[in-house]
Amino acid sequence: MTEYIAKRNPNRCPSHPGVLIADLLQELKVPVSQGARAIGISRQHLYSLIAQKKPVTAAVAIRLGKAFNDGPDVWLRMQGAYDTWHAAREVDLSTTQVLKAA
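Keep in mind it's a predicted model, so treat the numbers as computed, not measured.

Draft legend 1. Representation of the nonpolar core in the model. Counting residues in hydrophobic clusters, the biggest one holds 14 residues, and the most contacted among them are Ile21, Leu46, Leu49, Val56, Leu64 and Trp75. Looking at this core, the elements with two or more residues in it are helix H1 (17-28), helix H2 (32-39), helix H3 (43-50) and helix H4 (58-67). Non-local contacts of leucine 64, meaning those with residues more than four positions away in its chain, are made with Ile21, Ile39, Val56, Asn69, Asp70 and Trp75.

Draft legend 2. The arrangement of helix H5 (residues 73-90) in detail. Its 18 residues give H5 an end-to-end C-alpha distance of 25 Å, which sits within 8% of 26 Å, the value for a rise of 1.5 Å per residue. Looking at H5, one finds that the buried residues are Trp75, Met78, Gln79, Tyr82 and Trp85. Buried residues of H5, seen end-on, are gathered within an arc of 130 degrees and therefore sit on one face of the element. Facing away from the buried side of H5 by over 90 degrees, the exposed positions are Arg77, Thr84 and Ala88. The elements touched by buried residues of H5 are H1 and H4.

Procedures and definitions
Residues numbered from 1 in each chain as written. Predicted model: local features only at pLDDT ≥ 70, side-chain atom pairs only at ≥ 80, totals over all residues. Heavy atoms only, no water. Core = buried A, V, L, I, M, F, W, Y, C linked by side-chain atoms within 4.5 Å. Buried < 20%, exposed > 50% of the residue type's maximum accessible area, 1.4 Å probe, protein only. Helix = DSSP H or I, 4+ residues; strand = E, 2+ residues; numbered from the N terminus. Contact = heavy atoms within 4.5 Å. Expected span 1.5 Å × (residues − 1). Arc of directions from axis to C-beta.

Right under this line is the structure:
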């Protein structure tokens with residue numbers, strides 16, 4: 001039996017958590033206003049998450065984890081992967097040095 005290990009293409013940006021939020025709300029046929037009330041955030045905040053204009057914070061991840069019954073970790077990992085991918089392409093490391101023991 002051959003074992004396959006799934007690897008994400010490092011050149012492809014990971015999905016923002018807002019994409020998954022939008023998909024889940026659509027699948028559940030829940031309007032954004034109702035979803036926002038259920039999650040405990042403003043409708044505008046939820047729209048901003050879905051539009052990928054705001055990050056999922058730890059506090060919001062806890063709410064999403066309860067609302068979608070999947071825990072906060074999945075939301076924080078998604079946001080972390082998204083942020084790290086962008087930072088790796090935007091941060092200038094030219095003056096950063098590797099620390100070595102003296």
